[in-house]
Amino acid sequence: MARTDTIVARTPGTPLPETGPGARCSAELTRADVAAMVRDEVQRWLPPAEGAGRDPLGLARIVTQEVRWVGSHSLDRSLLADLAAVRHARRGQDARLDAFLDCVLARYDDRYWNRPYLCLPLLEQFVEGPRAPLTHTGLVALLAADLVRFELCASRRATPVSALGRPDGRTLRTRLRHAVRLLTADLGEDLGAVLLGGVSADPLAGLPEVLARLPIAPAPWAAEWLEVSVLPTSTVHDETFFIRALQTHEMLYAAAARLVGDATACLQAGRPDLAAGLVDRVTAMVDRGQSLFRMVATMRYEAFHTFRESTDGASAIQSEQYKRFEVRCGTPPPDRLECPAFEQVPSVSAELADGRESLTGAWRVARLRRPHDPGLARLATAMAALEASHRRWKGTHVTVATRMLGEARGSGHTSGVAYLRAWVDHRLFWAVPELDAQQ
Ligand code: HEM
């Protein structure tokens, strides 16, 4: 089968199942219970114990509970040393536990950055490989659903977690509305309307119905490990939702990068019409990614400034998927390649060095060979729309960052907002002058 047929036949993914009746918020263990349980569980894993019935998910769950109580940044040093010993002894026996422990231990290992902060080594196991149970966009829906579940259940429990607790009712409703809009793009309008109705007026009144209708991973293991894929550094309530927002961004841009690669292949195969359709889908994704900023804008300034004290060194500037998306659109000019954005993503620089063709490169070849192909005009319109959408995304990012950060430096050690502003007018398709007329 030709490559374009394979691309066209690739379905966006089967619909996700609903959680179903009886879905409840999980019970929260006390601080004392968690502290005792995590010690006992780790002892069962430490060599030389062979202990029958060890359960990797059980270990990850209790460590996650401990993280929720104290923040990954403040885990007890001796617990970290024990977890490192467990990892050393058991490495290779369970890929999910390996990934989970690498994320928990990143600071201890002195390898802390965006990937372990966002638990990406674990999340990627949900979407990569021939037997992966989810597509990137399916995972976007699940991350947003988990965010809704987390906020609603925290509100229902009403337990004080830290001085910087949960959002007030109005802020909660705004946050939930944006999250539900984000996830319903994959679920269809009917379910979207039910969920939006459920969270708009009095979210706690409709809690059982909303929890039952939220999507869940089709493979039980993915549903279970998703629970342990958020490891806040602090006990500030809003950090969990901030991590979910950034994880969602990674998955959206992973999907976008892949689609841009597919569009390039279609163009190289002489099908600019198919390429244009794929670029339109990318534009819809970048537009959709803007709702993450609307969600993050519901975060309190004090909350952000409290937890960012412990996230220094982990920044979205290290987002590999965002940079992969960028290079698949077109090789960036030298000033962009030499700026901090690319210094921090060696895997993407390696992809560039491999000489993989970008959409810009394929466009320039096609334009020379078939200057009057009407499909190319349609593709140019689609590329211009993507450029405009990405420009809007950057503008909104600057607005949110200005409000939350002010004059402070970025956690990726740039000048902060000044850095972001400097790149707002930079273009993905800067080497396609034909698009200028459409801007
Ligand atoms: C409190 C809200 C936010 C603030 C204050 C903020 C601030 C910043 C700053 C200062 C940078 C420059 C790098 C650094 O020094 O860290 C940056 C980069 C970045 N941020 Fe944000 N950001 C926020 C939210 C978000 C969200 C929600 C997303 C994704 C949806 C995001 C995606 C990115 C990306 C992809 C980059 C890299 C840009 C590049 O490569 O040029 N940010 N952000």
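No experiment lies behind these values; they were computed from the predicted model shown.

Before going further, it helps to examine the overall build of the protein chain. Within the protein chain, the secondary structure is distributed over 22 helices and 0 strands. Rg of the C-alpha trace for the protein chain: 23 Å, near the compact-globule value of 22 Å for 439 residues, within the 12% margin. Summarising its shape, the C-alpha atoms of the protein chain cover approximately 70 × 50 × 50 Å along the three principal directions. Out of the 439 residues in the protein chain, the part that is buried amounts to 42%. Within the protein chain, contacts between residues separated by at least 24 positions form 78% of all contacts whose residues are at least 6 apart in sequence.

With that settled, the discussion passes to the site of the ligand. Contacts to the ligand come from 28 residues, most closely from Ser 315, Ala 316, Gly 410, Gly 412 and Thr 414. A total of 5 residues in the shell around the ligand trace back to one element, the largest contributor, which is helix 21 (residues 374-405). In terms of residue class, the shell around the ligand is made up of 17 nonpolar, 11 polar and no charged.

How large an interface is tends to be reported as the accessible area lost when its parts come together. Split by domain assignment, the protein chain resolves into domain 1 (31-127), domain 2 (136-216) and domain 3 (237-438). Each of domain 2 and domain 3 has a C-alpha centre, and these two points are 27 Å apart. Taken together, the contact pairs 25 residues of domain 2 with 18 residues of domain 3. The set of elements that each furnish at least two residues to the side of domain 2 that touches domain 3 consists of helix 8 (136-157) and helix 9 (169-184).

Turning our eyes to something else, we now look at the confidence of the model for the protein chain. Model confidence for the protein chain is summarised by a mean pLDDT of 91, while 95% of its residues fall at 70 or above. Helix 1 (residues 3-9) is the least confidently modelled element of the protein chain, averaging 71 in pLDDT, while helix 5 (residues 95-104) averages 98, the highest of any element.

In this structure, Ala 144, Val 148, Ala 256, Val 279 and Met 383 are the most contacted members of the largest nonpolar core, which totals 110 residues. Among the elements that take part in this core, helix 13 (residues 237-268) stands out by supplying 17 residues, more than any other.

One non-glycine residue, Asp 110, lies in the positive phi region at around 65°. For Cys 119, which is not a glycine, the phi torsion comes out positive at approximately 60°. The residue Cys 119 is located in the loop between helix 6 (114-117) and helix 7 (120-127) in this model. Take Cys 119: there are 23 C-beta atoms within 10 Å of it, and that puts it in the buried class.

What follows covers helix 10 (residues 189-200). Compared with an ideal rise of 1.5 Å per residue, which puts 12 residues at 16 Å, helix 10 spans 16 Å between its outermost C-alpha atoms and is within 8% of the ideal. Among the residues making up helix 10, those that are buried are Leu 195, Gly 198 and Val 199. Along the axis of helix 10, the buried positions cluster into a sector of 85°, meaning they face one direction only. Seen from the buried face of helix 10, the exposed residues on the opposite side, beyond 90 degrees, are Glu 189, Asp 190 and Ala 193.

Before going further, it helps to spend a moment on the packing of helix 13 against helix 16 (residues 320-329). Two elements in contact, helix 13 and helix 16, have axes whose closest approach is 8 Å; the angle formed by their N-to-C orientations is 20°. Comparing their axes, helix 16 and helix 13 come out roughly parallel. Of the two elements, helix 13 crosses helix 16, and the hand of that crossing is left-handed. Seen from helix 13, the contacting residues are Glu 250, Tyr 253, Ala 254, Ala 256, Ala 257, Val 260, Gly 261 and Thr 264; seen from helix 16, they are Gln 321, Tyr 322, Arg 324, Phe 325, Arg 328 and Cys 329. Its residues assigned to classes, the contact of helix 13 with helix 16 comprises 8 nonpolar, 3 polar and 3 charged.

The contact between helix 9 and helix 10 brings their axes to 9 Å, and the two run at 170°. Between helix 9 and helix 10, the angle falls in the class roughly antiparallel. Facing Arg 173, Leu 176, Arg 177, Val 180 and Thr 184 of helix 9, the residues of helix 10 in contact are Leu 191, Gly 192, Leu 195, Leu 196, Val 199 and Ser 200. Taken together, the residues that form the contact of helix 9 with helix 10 break down as 6 nonpolar, 3 polar and 2 charged.

If you trace the backbone, Val 348 turns up in helix 19 (residues 346-353). When the C-alpha positions of Val 348 and Glu 326 are compared, they lie 9.8 Å apart, and in sequence the two are 22 residues distant. Excluding residues that lie within four positions of it along the chain, Val 348 makes contacts with Glu 320, Lys 323, Arg 324 and Val 327.

What follows deals with the environment of Cys 153. Summarising the element assignment, Cys 153 is placed in helix 8. Under the C-beta neighbour-count criterion, Cys 153 is labelled partly exposed, with 16 such atoms within 10 Å. Counting along the chain gives 64 residues from Cys 153 to Ala 89, while the straight-line C-alpha distance between them is 36 Å.

What counts, and at which threshold
Residues numbered from 1 in each chain as written. Predicted model: local features only at pLDDT ≥ 70, side-chain atom pairs only at ≥ 80, totals over all residues. Helix = DSSP H or I, 4+ residues; strand = E, 2+ residues; numbered from the N terminus. Rg over C-alpha atoms; globule rule 2.2 N^0.38 Å. Buried ≥ 20, exposed ≤ 12 C-beta atoms within 10 Å, placed from the backbone. Contact = placed C-beta atoms within 7 Å. Near = placed C-beta within 6 Å. Nonpolar A, V, L, I, M, F, W, Y, C, P; charged D, E, K, R; others polar. Domains from an automatic or database assignment. pLDDT = per-residue confidence, 0-100. Core = buried A, V, L, I, M, F, W, Y, C linked by C-beta atoms within 7 Å. Expected span 1.5 Å × (residues − 1). Arc of directions from axis to C-beta. Axes fitted to C-alpha atoms, helices over the stretch in contact; angles between N-to-C directions. Parallel < 35°, antiparallel > 145°, perpendicular 65-115°, else oblique. Left-handed = near helix turned anticlockwise from the far one by under 90°.

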